[in-house]
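# Chains, contacts and geometry: an overview
So the chains spell out like this:
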Amino acid sequence: MRKLQRICVFIVTLSIVLGCVAFANGNTTLSQTMNENNYYEITTNDVLNTYGETVIKLPINFKDVKIDGVSIDRDGKFALVKTSIDKDEITVNTVEDLVHDATYNIRIYTKDGKRYVMPIKAKDNLNVNPKKNNLVRISAKPSKGFNFPYYLYIPSGAFTNKDTMHLLVEGNNGYASDSFIIHDTSAKDIITNKNGLKYYADSLNVPSLVPIFPRFADHMNTPYLRFLDRKSLLTDDEQIKRVDLQLTAMIKDAQNILSNLGIEVESKVSLVGLSTSAKFAQRYALLQPHMVKTMVVGYTASITSFPFSEYKGTKLRYPIGTADYKEITGTEFDVEEYKKIAQFHYMGDRDTNDATQFRDCYEEEDAQTIWRLFGEDQLNGRFENTEKALKEMGFGDRIQFHMYKDLRHEKTPNTIDDILKFLKANNGEEFNRIKPHEYGRSGH
Amino acid sequence: MKKIIRLLAIVLCLSTLLPIMTFAQNNTINNEGYTKITVNQLLNTVEETVIVLPDNFTNETIDGVSIELNGKLINANININKNILTISPFEYEYFKDGKTYTIRLFTRNNKYEFNIKATNLSNLDFSKDNLIKIPANPEKGFNYPYWLFIPKEVNASEYKRLIVEPNNTGYVSDFLQLHDEEAKMTAIGGKQGAHVARWLKIPLLVPVFPRPETNWWDNYYHTLSRDVMLQKSGDGKRVDLQLIAMIKDAQELLARNGLQLEKKVFMTGFSASGQFVNRFTVLHPEMVKAVYHGGFTMYPTDTLNGNKLTFPLGTADIEEIAGKSFNLEEYKKVAQFVYTGDLDRNDRIEPSEEDYSEYDAKVMYNLYQSHDPMAIWKRKEQLMNQLGFGDSIQFHIYKGVGHSIPQAVYHDIIKFFMVNHGNNIVKIDATEDGSYWNPDATTQLIKKAYNKH
């Protein structure tokens, strides 16, 4: 049965991948005279996809002509793409994203000495099929406020879903690497994970979004964007600055795209996260509370980003609390919006992965504050103390805490089941606690 | 500790390995209209190659560049800045060692052509650390790439031997890139193999074997599972032989660079990769000098106390599995150090889809009569003694350690490989406290050894 399921999933994944291939069928024409640079010009209405594969029909059939060279350039630089020509079709595959709305030159050189140039625009591929599950990848749009690409998954069920829909959002996780393809792959892994985001999206018939924020190889000395750490808020580097705002821009962009497809989602999203992406969710909720409807987070190191500035006489600076919120973000903390978020926090009683021990995750000063105020051992007191503090400070009404028995730092059918339950139960205004499984692993 | 090593890895200088280029333009135009250029330079199969074109290209706009092999155009990452042409292959589409490529340049009014031969490095600079990725080479018998970390001053080392650490990603993914990235981290930093490589100044090989999510139950390459050994076709067929082919390829590559290594290798691994090492040792003891791992689960025998041991517990069906018989003589020559942590609960004797069958689980329970990991461990030692291998294998328990690599390993492993480089099998006085860490002691150890010579 399990094997059968896996095979089905594989087929689904394949169809998602294939769904990204678009056949362009606009008009292409060939000029009969050479231009001043000795090229025959081909004009076309077709576009190149900024990411993935594009197949374009050419007005010349190269079946009997040997091609000596093909290249694609923009402003004198070669694009990082793979190309191949078969008869009258050219296939282009991106290695690095093309720039949305930019014009590229496809040049073809043949053995008989002819040379052709075809100027062509690059566009994000938004062709989706309502009968299928669709994975769309949107390239970076600095003009719209996001400097990195993101993935948007639209299950076929979303096209007909009449319920209130909140876009599902999860931060990305994975290796520190200077090779962007690694980050791209990990993000794709998350959005197509059938034991995670894809399962929730398919079960709820709701679209999901995963940003592709990099984690640099020199991770000890660079901002940890996926952790929304202090460095990532304080950096002056325009490219990586304020990824919380960048994610908000992505969400708005996605909502706009979905709306154009006839899928209306609410302005607030459901945040899910595990471990690194749980930290991201907690901090994003603190920084952008007006964007968040529900937050489900697991393997949180038994701690959260508290929506208050001081506890037991100790000032809580970001990311523990809001003491220097205005200084760092330039805005006041919107406590009323934060209070509206429905939250589920869980841990496993055998989870030994404590992020407060890693200095690229928590600075020493912040780790010390956590240990002193909430406990040194995440499995012995800290979880309870975190819940207690939230209650004491008046935030207990819409937050549920749960410690699973016999659970490590892992996903299990029980945890996945509970997350879905919580998301379903809290789709409306009212806060509803769920009855979670007692054990993290089944078989008890 | 681990962090520091990783950080070091990041600041690693990777050699660019460029020969001094010489360029000649002889202004002959062939019958296809190309002006021929001669270049006495090699094209790196994996890394970037920088080619300085003749000066006249600074004034001519190069519109197009193409690379061709055997009449087929090849895609690559190409950059032109005035007369500087840089070429690197796209990931997993490396240039083929020994093949000659044709590169064409198209300017507004002319076209040029030159040939360039690709090579897997033959001019390594041993005065610095080198991290090299060798692409898959089915012709040579390996369908996956491997990483080779060559610590600086490798040529000055007393120990002329390769160490092999099989890759162990720790999770499944259909994306080979992720396994590749983890293998790379293993090669330059994180684990025992790179540690030994740095301290003993010996080269380290890490294969990039997959661990797919699709049909994961049949594809646990990182442990060298039974299903993996039984694959009859495809890239994943007989990865044990592929690893041997990689070892030979690496030895040849280093020999080309003047570093002659012993045929037999050191091996290390933990958990899944420990099991890989354990099984590989039984299958191919003639390839292995000494092993240090945390994954002892396989016995060098067909039957044990009335139980028939089939792969991966024993050698009863080794002919069917590996097409060869068990080489007892060679196995006895392998020095083995195997360890566990006293708090490690990972060694469960239960059937699992990716590794043990119901039959295996039954046999294990017959042998161990317990589910307690410490009792099982002691029993394993007894059984190996009973089989007569007590002299060549050392069992060790690190205290205070769960299912992770104890820090003390970083000390003991150096000691172990140092004394087991020669013909005798030597047991070591291993540390009990798993958290022991003393780099000064390790330094002393090495100094002492060098003073002896």
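All of these numbers come straight from a predicted model, not from anything done at the bench.

Quick notes on the rules
- Residues numbered from 1 in each chain as written.
- Chains lettered and ligands numbered in written order.
- Predicted model: local features only at pLDDT ≥ 70, side-chain atom pairs only at ≥ 80, totals over all residues.
- Heavy atoms only, no water.
- pLDDT = per-residue confidence, 0-100.
- Contact = heavy atoms within 4.5 Å.
- Helix = DSSP H or I, 4+ residues; strand = E, 2+ residues; numbered from the N terminus.
- Buried < 20%, exposed > 50% of the residue type's maximum accessible area, 1.4 Å probe, protein only.
- Salt bridge = Lys/Arg side-chain N within 4 Å of Asp/Glu carboxyl O.
- Buried area = accessible area lost by both parts, 1.4 Å probe.
- Polar contact = N/O pair within 3.5 Å; in protein donor to acceptor, adjacent residues only side chain to side chain.
- Pairing = 2+ DSSP bridges.
- Right-handed = clockwise from strand over helix to strand, strands pointing away.
- Core = buried A, V, L, I, M, F, W, Y, C linked by side-chain atoms within 4.5 Å.
- Axes fitted to C-alpha atoms, helices over the stretch in contact; angles between N-to-C directions.

The next subject is the confidence of the model for chain A. On average, residues of chain A score 91 in pLDDT, and 94% of them reach the 70 mark or higher. Counting contacts from residues 1-25 of chain A, a segment whose pLDDT is below 50, to residues more than four positions away or on other chains yields 36 contacts.

Quick look at the environment of Leu205(B) now. Residues and elements named next belong to chain B. Structurally, leucine 205 can be placed in strand S14 (residues 204-207). On the accessibility criterion, leucine 205 (0% relative accessible area) is buried. With near-sequence residues (within four places) excluded, leucine 205 lies in contact with Tyr146, Trp147, Leu148, Leu162, Ile163, Val164, Glu165, Leu243, Met246, Ile247 and Ala250.

Under the counting rule described, the total for this entry stands at 51 salt bridges over all chains. Its salt-bridge partner being Glu68(B), residue Lys66(A) comes within 2.8 Å of it at the nearest N-O pair. Of this pair, Lys66(A) sits in the loop between strand S5 (53-57) and strand S6 (67-74) while Glu68(B) is found in strand S5 (residues 62-69), placing the two residues in two different chains. Lys66(A) sits in the partly exposed class, given a relative accessible area of 27%. Classification of Glu68(B) as buried rests on a relative accessible area of 8%. Glu113(B) is paired through a salt bridge with Lys36(B); the nearest N and O atoms lie 3.1 Å apart. With Glu113(B) in strand S10 (residues 111-119) and Lys36(B) in strand S2 (residues 35-39), this pair connects stretches of sequence that are 77 residues apart. Using a relative accessible area of 5% as the deciding quantity, one classes Glu113(B) as buried. Linked through salt bridges whose partners overlap, the residues forming this network are Lys66(A), Asp68(A), Lys111(A), Glu32(B), Lys36(B), Glu68(B), Arg104(B) and Glu113(B).

On to the interface of chain B and chain A, then. Taken together, the contact pairs 45 residues of chain B with 48 residues of chain A. Of the roughly 3800 Å² buried at the junction of chain B and chain A (both faces included), carbon and sulfur atoms supply 50%. In this structure, the connection of chain B to chain A is made through six salt bridges. There are 15 residue pairs in polar contact (both at pLDDT 80 or more) connecting chain B and chain A. Among the elements of the structure, helix H1 (2-11), S5, strand S7 (76-81), strand S9 (100-107) and helix H2 (176-188) of chain B are those that each provide at least two residues to the side of chain B that touches chain A. When residues of the side of chain B that touches chain A are assigned to their parent elements, the largest contribution, six residues, is made by S5(B).

Right, let's talk about the pairing of strand S15 (residues 265-270) of chain B for a bit. All names here are of chain B. Counting buried positions along S15 yields six of six residues, so the element is predominantly enclosed. The side-chain alternation of S15 yields two buried faces, one formed by Val265, Met267 and Gly269 and the other by Phe266, Thr268 and Phe270. Sheet analysis places strand S13 (residues 163-164) next to S15, joined by two bridges and oriented parallel. Paired with isoleucine 163 across the bridge in S15 is phenylalanine 266. In terms of strand pairing, S15 meets strand S16 (residues 288-294) through six bridges, oriented parallel. Note that in S16 the partner of glycine 269 across the bridge is histidine 293. Taken together, S15, helix H6 (residues 272-283) and S16 form a β-α-β motif whose crossover is right-handed.

Counting 101 residues, the largest nonpolar core has Leu152(A) and Leu209(A) as its most contacted members. Here this core gets eight residues from one element, more than from any other, and that element is helix H5 (residues 243-260) of chain A. Grouped together as the second largest cluster of nonpolar side chains are 67 residues, Leu124(B), Leu224(B), Val228(B) and Met267(B) included.

Turning next to the sheet that holds strand S4 (residues 49-52) of chain B. Residues and elements named next belong to chain B. Here we have three strands laid out as an open sheet, ordered S4-S8-S7, and antiparallel in their pairing. Strands at the two margins of the open sheet, each flanked by one partner only, are S4 and S7. Direction aside, the axes of adjacent strands within the sheet are offset by 15° on average. Alignment of S4 against strand S8 (residues 84-89), held across four bridges, turns out to be antiparallel. The partner of valine 50 across the bridge, within S8, is threonine 86.

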